Amino acid sequence: RTVPGELKWAASPSEGGWEEVSIMDEKNIPIRTYQVCNVLEPNQNNWLRTDWIPRSGAQRVYVEVKFTLRDCNSLPGVTGTCKETFNLYYHESNEDRESYIKENSFIKVDTVAADESFTQVDVGDRIMKLNTEVRDVKVTTRKGFYLAFQDVGACIALVSVRVFYKTCPLTVRNLATFPDTITGADTSSLVEVRGSCVNQSEEREEPKMYCGADGEWLVPIGGCLCNPGYEEKGGACKACSAGFYKAKSTDPGCAKCPPHSHSLRDGATVCDCHSGFFRADSDPPSMACTQPPSAPQQLISVVNETSVVLEWAPPHRLGGRSDTSYSLDTMGWECNVLFSPGQAGLKTTRVVVSELRAHTHYTFIVHARNGVSQASGAGAAQSVSVSVTTNQATPSPVSFIQATDVTRHSLSLSWQQPDRPNGVILEYEVKFYEKDQRERSYRIMRTFSRSVDVTGLNPLTVYVFHVRARTAAGYGEFSTPFEFSTNSGIHTAMFTVFIISRSYTTISHPPLHPSFSSLVSSPALASPTVAGVKIYVDPFTYEDPDQAIHEFAKEIDVSCIHIEKVIGMGEFGEVCSGRLRAQGKREIYVAIKSLKAGYSDKQRRDFLSEASIMGQFDHPNIIRLEGVVTRCKPLMIITEYMENGSLDAFLRKHDGQFTVIQLVGMLRGIASGMKYLSDMNYVHRDLAARNILVNSNLVCKVSDFGLSRVLEDDPEAAYTTRVRHIPIRWTAPEAIAYRKFTTASDVWSYGIVMWEVVSYGERPYWDMNNQDVIKAIEEGYRLPAPMDCPVVLHQLMLDCWERDRAERPTFSQILNMLDKLIRNPGTLRRTGGERYLNVALLDCDCVSVSITTFEGQHFTFKEV
Ligand code: AMP
């Protein structure tokens, strides 16, 4: 209709076939038609081809043809040549200028006939019937296509040819926009289209829809939700107006601000609290803003000896919340006070505070808090306080009793002061009875000190002991029962003789004079491990390490510890010094070992095991455990503070500055500690000067109970990689070779410590490597006497380094030997080059001793 001149579609033949003719339509408007009407001639083959039609992304195009067709019957004189159909063809092509019609490249779409829906068209003086036929065809391979109409002998006028494709139109469904989409190539194909969320919305579930071949959208899947602060209105997201809010995209719509809150601007996601009102982090935006509670009311206290019951009423104003809780504070220095049911986060309004000091003034503060106390900025809880004075109270029970120096008829008991003395302890009372007798008959002893020698006991009998303390307030409760057994005299004597004959005959090399043997069998030398003396318990035998730690170590409240400075680095973390002020005790200096963060279960166990071991010992030459902190982090082990640090470093710092007697004094301390450990059946395994600590009075104490467990007694393991953990230079050959760790191997290490002490911290075997050391020892080499070393001391070292462990002295014998040296300093004077053994000093109870030197000379010492 819109082409003003000729269309000039290609026609074949160019003359006598299809012809372009202008006619008037029914409204008398000129239109262009193509006509052909060669009904009288046979074998017609007239082609008419459109111009090139760009495809424009379409995959299936529709061709609507309007035409008129003369009924053959209405034509006078036509024979069999007249037709009433024409053929529709198409041909896909990238070429928009194919100059002639390539009939062979066209594909037939259909044969088109006039159907019954003829419309009557009045053309001039004729009435014509206008047909409308639509065909569709898939065009997917080229940029465009041509259509062609083949006439085979009909009388036709093409009035209009309309070519179109179908789209599913742009639409918004479930807040997702779907663009105008061209339908698929086949009549059954669906095109999947992904929608995009409209402004101010976010995807709930991927929005999708299918476009059908007829240009209709199918049911939408998924969709979007309006962002917080926006709600859906007419397929778009609109901001919430002032006074309203929407917190989450899934909320159905904007809601009115909850009580005590407001929103001033459009698009609020949360409403702000009115001033003086707050919202806790965990409060939902839909919740009203609230206030902290007022102070608790009517606090009353009832004192019962060293306990106080505190009771109060809830605050007058709860601030619109139901999560009020209470916490308690005491004013002033307090440790180990018990709050029941607790000190903070309380829901009840009653607390019992116990384990307070007797006769002491306390102020208790009860705070009320709720979820917005923190947020209210003041941070402060509302509180009320009360002051009380505790009554006098009896001491708490003694928790631990120990027995030492057990003989056939006596033993020495010692114990620690009660945890809460509640005043000055005036006296201790010891009650004891034979276990078999129960409490039918018992004896009582009283003492001012924390120890007592109990005599007049029967041999080999188990006794039960209880101790209680008395203050001005009276007696406290008795301790739990502790059982100890007296010795069998026969057993002790036999044991002593055994040791003397096995060990000291070798030290003195020549055979002992018979009188010597009988002299040394006196009980003075005997200190075997016997029933009744406490035996060390390996904490690793406990399934639960916490059970062991609480059995052997006291839990210290961390508030009682003041850390001052870092003094060293241990295997598990820093070692600090500081002060400990336990309740009822004077402040003391302590060392604090802590377990560094990020530890494994095993590290925790190993770390605490040292405390579980140490806590079982009580001896002036063993480092004392004050307690542990296990209830809060970091975990800590608190021990007494040793001002001069480890012995090796201390000696190196003071090279040559001590007298021999001072050095022997140090060695004596170490031997005494080791004797105690061996009596308890404890094998140290890592005795070395670096593991001895020195205090300001030059007292040496054995420490470092970490290695005792690292090496297991598995003979196979000796040659595995773990052997590298063994401190080779300090370790006896049988312990290196097949892990035979015994008190005798500790004695070997002790010999090395002696050498380290006398040489002022020299490294044993200097710069020899470990393999050479093992080899040299195997071949009989032993460390020579350090410079100025008394012969007796070097000899004692050599004794400790006997290959056969049964030949080494016991710690008890070493201790006696050193005691004698201290009492007879003259014997220490002989140094270097001496070849005689000074065995005469083995026992000072001797009346006379005869010895033979290696050279066969005889000596007799009288009244030594
Ligand atoms: P340890 O982990 O026991 O080997 O301790 C590491 C270092 O901390 C030691 O070598 C000492 O220098 C120091 N140390 C450990 N315990 C104490 C203590 N009780 N008093 C003073 N210093 C200590």
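Everything quoted here is computed from the prediction, not taken from an experiment. (Residues numbered from 1 in each chain as written. Predicted model: local features only at pLDDT ≥ 70, side-chain atom pairs only at ≥ 80, totals over all residues. Heavy atoms only, no water.)

Colleague: Please give an account of the packing of aromatic side chains that cites residues and values.
Modeller: Evaluated as defined, the whole model comprises 28 aromatic pairs. Relative to Phe106, the ring of Trp47 lies with its centre 5.9 Å away and its plane at 55°, an arrangement referred to as tilted. With Trp47 in strand E4 (residues 46-49) and Phe106 in the loop between strand E7 (85-93) and strand E8 (107-113), this pair connects stretches of sequence that are 59 residues apart. Where Phe432 meets Phe465, the ring centres are 5.3 Å apart and the plane angle is 25°; that geometry is what we call stacked. In this pair, Phe432 sits in strand E36 (residues 427-434) while Phe465 sits in strand E39 (residues 462-471), placing the two residues 33 residues apart along the sequence. Residue classification places Phe432 among the buried residues on the basis of a relative accessible area of 2%. We classify Phe465 as buried; its relative accessible area is 0%. Following the ring pairs from residue to residue traces out a cluster consisting of Trp9, Tyr34, Phe67, Phe86 and Phe149. Geometry around Tyr475 places Arg468 over its ring, the cationic atom sitting 3.9 Å from the centre. Stacked on the ring of Tyr475, the Lys or Arg Arg470 has its end atom at 5.8 Å from the ring centre. (Phe/Tyr/Trp six-rings, centres within 6.5 Å; stacked < 30°, edge-to-face > 60°. Helix = DSSP H or I, 4+ residues; strand = E, 2+ residues; numbered from the N terminus. Buried < 20%, exposed > 50% of the residue type's maximum accessible area, 1.4 Å probe, protein only. Lys NZ or Arg CZ within 6 Å of the ring centre and 35° of its normal.)

Colleague: If you had to explain the environment of Thr390 to someone new, which residues and values would you point to?
Modeller: Its place among the elements puts Thr390 in the loop between strand E33 (382-389) and strand E34 (401-404). Sequence separation of Thr390 and His359 is 31 residues, and the distance between their C-alpha atoms is 4.9 Å.

Colleague: An account of the pattern of salt bridges is requested, with residue identities and associated values reported.
Modeller: Where charged atoms from two side chains of opposite charge approach closely, those side chains can pair. This model, assessed by the stated rule, comprises 35 salt bridges. Across the pair Arg652 and Asp648 runs a salt bridge whose closest N-O atoms are separated by 3.1 Å. With Arg652 and Asp648 both in helix H5 (residues 647-653) and four residues apart, this pair spans about one turn of that helix. You can call Arg652 partly exposed: its relative accessible area is 46%. Classification of Asp648 as buried rests on a relative accessible area of 11%. Three or more residues are tied together by salt bridges with common partners; here these are Glu427, Glu429, Arg446, Arg468 and Arg470. (Salt bridge = Lys/Arg side-chain N within 4 Å of Asp/Glu carboxyl O.)

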